[in-house]
Amino acid sequence: MQGNAPTPDGQVADAVKGNWVDTTAPAWSRPYLRLSRADRPIGTWLLLLPCLWGLVLAMLWDAQARWEDLWIVVGCAAGAWLMRGAGCTWNDITDRKFDAQVERTRSRPIPSGQVTVKGAVIWMAVQTGISAAILFSFNGLTIAIGILSLLLVVIYPFAKRFTWWPQLFLGLALNWGVLVAWVAHTGSLHWAPVVLYLSGITWTLFYDTIYAHQDSEDDALIGVKSTARLFAENSPRWLRRFIVATVLLMALGLFLALRDLATPLPLLIALIGPWAMGWHMTWQLRRFDPENSAELLKLFRGNRDTGILPLIFLTLALFA
């Protein structure tokens, strides 16, 4: 589909209506905040929640909660906002020609002419630089793991060009915070956060396949690949598989971390989390309609609550 006319006042088509960027942010900053998806906060949540899973599970694993953990929370929150913004900026730079041909994305700042490519590069560098300053406040292994994540961020926008599974690359990038937060607290790696990381990846495959169905027709016209196009009418079957994998992998990660505790109560409480998460994902699957773009977007945004559910029960387990 051709054309790149912006929406009124430069608003992005799929932004949350009445968001703070469009209503209260200074006018000069709005194109750059839109470039960072500040008007669409769900992505920041989807990056932050795995970080918090990893941190709280680490606190349960070594039975220690320190004042330094508050800085890990602050650092993860700020880093999630900044690196989500930097990653989205990079994505929009690389996808600007594709975005101009897709109805849902042609109103984004670069294809609509609100921001130049040079301006976007500078904005990306600013966000990345501040993120790096936060990362360098942690231990050496955390810094190394954090730097490795940049490779995934760089590759992801190109994945849709060479694989039918770009959602897998997104999952690898978005859930990396599980490892970062665990190592920031413990100073070492363990199989538990690795398995928890895998559960986050299958969760991403679930919700981003739902999201990608919004663009299936346009993606087919311009030759962009996605799991939504790959699965097509078999999507419900694959989404069900992702639910099962997410629940089982998360439960296994929790078991590996908490099996040796003196009392089984924290593990039992924590295991309610993946069960509740699985039910919420099942509810989404029942409402899944690939022909209803508004419902698809609503379901995708609902995954903030999906990810909060296991965090609630992990946190409750801390007090068991």
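Cut-offs and rules
- Residues numbered from 1 in each chain as written.
- Predicted model: local features only at pLDDT ≥ 70, side-chain atom pairs only at ≥ 80, totals over all residues.
- Heavy atoms only, no water.
- Axes fitted to C-alpha atoms, helices over the stretch in contact; angles between N-to-C directions.
- Helix = DSSP H or I, 4+ residues; strand = E, 2+ residues; numbered from the N terminus.
- Left-handed = near helix turned anticlockwise from the far one by under 90°.
- Contact = heavy atoms within 4.5 Å.
- Nonpolar A, V, L, I, M, F, W, Y, C, P; charged D, E, K, R; others polar.
- 1 Å grid on protein atoms, 1.4 Å probe; cavity = no way out; pocket = protein on both sides within 12 Å on 5 of 7 lines; lining within 4 Å.
- Points joined across faces, edges and corners; volume = space filled by probe spheres on them.
- Patch = residues over 30% accessible without salt bridge, like charges linked within 9 Å, V, L, I, M, F, W, Y side chains within 5 Å.
- Areas by Shrake-Rupley, 256 points an atom, 1.4 Å probe, with all protein chains shown as cover.
- Salt bridge = Lys/Arg side-chain N within 4 Å of Asp/Glu carboxyl O.
- Buried < 20%, exposed > 50% of the residue type's maximum accessible area, 1.4 Å probe, protein only.
- Expected span 1.5 Å × (residues − 1).
- Arc of directions from axis to C-beta.

1. Some points on the packing of helix H3 (residues 42-62) against helix H9 (residues 177-186)
Between two packed helices, the angle of one axis relative to the other and the distance separating the axes together describe the packing.
In step 1: Relative to each other, H3 and H9 sit at 35°, their axes nearing to 7 Å. Remark: the crossing between H3 and H9 carries right-handed chirality. Of the residues in H9, those in contact with Pro-50, Cys-51, Trp-53, Gly-54, Leu-55, Leu-57, Ala-58, Met-59, Trp-61 and Asp-62 of H3 are Gly-177, Val-178, Ala-181, Trp-182, His-185 and Thr-186.
In step 2: Counted by class, the contact of H3 with H9 contains eleven nonpolar, four polar and one charged residues.

2. Concerning the layout of surface pockets
Unfilled space is identified by rolling a water-sized probe across the atoms.
In step 1: Within this model, the second largest pocket holds a volume of roughly 450 Å³.
In step 2: Lining the second largest pocket are 20 residues, with His-213, Gln-214, Asp-215, Ser-216 and Ser-293 sitting closest to its centre.
In step 3: Within the residue set of the lining of the second largest pocket, elements represented by two or more residues are helix H11 (216-222), helix H12 (227-231) and helix H16 (293-301).
In step 4: A per-class count over the lining of the second largest pocket returns seven nonpolar, four polar and nine charged.

3. A few points about the environment of Trp-279
In step 1: Within the secondary structure, Trp-279 sits in helix H15 (residues 272-287).
In step 2: Between the C-alpha atom of Trp-279 and that of Thr-306, which follows or precedes it by 27 residues, the distance is 9.0 Å.

4. A word on a nonpolar patch on the surface
In step 1: A grouping of Ile-122, Val-126 and Ile-130 is seen on the molecular surface, where their side chains present a nonpolar patch of about 250 Å² in accessible area.
In step 2: Looking at where Val-126 falls in the secondary structure, it is placed in helix H6 (residues 117-135).
In step 3: The partly exposed category is assigned to Val-126, whose relative accessible area is 40%.

5. Observations concerning the environment of Ile-210
In step 1: Here Ile-210 shows up in helix H10 (residues 191-212).
In step 2: You can call Ile-210 buried: its relative accessible area is 0%.
In step 3: In the structure, Ile-210 is positioned 90 residues away from Phe-300 in sequence and 6.7 Å away in space, judged by C-alpha atoms.
In step 4: Ignoring sequence-local partners within four residues, the contact set of Ile-210 consists of Leu-239, Gln-284, Phe-288, Leu-296 and Leu-299.

6. A few points about H9
In step 1: Along H9, nine of the ten residues are buried, which leaves the element largely enclosed by surrounding structure.
In step 2: Those residues of H9 that sit buried are Gly-177, Val-178, Leu-179, Val-180, Ala-181, Trp-182, Val-183, Ala-184 and His-185.
In step 3: Along its buried surface, H9 packs onto H3, helix H4 (68-94), helix H7 (140-162), helix H8 (166-174), H10 and helix H13 (235-258).
In step 4: Of the residues trailing H9, Gly-187 is marked for its positive phi of about 80°.

7. Some details on H6
In step 1: For H6, built from 19 residues, the straight-helix expectation of 27 Å at 1.5 Å per residue is met to within 8% by its first-to-last C-alpha distance of 27 Å.
In step 2: Taken together, the buried positions of H6 are occupied by Gly-119, Ala-120, Met-124, Gln-127, Ser-131, Ile-134 and Leu-135. In a view along the axis of H6, the buried residues occupy a sector of 155°, so they form one face of it. Exposed and facing more than 90 degrees away from the buried side of H6 are Lys-118 and Ala-133.
In step 3: Residues of H6 that are buried make contact with helix H2 (30-35), H4 and H7.

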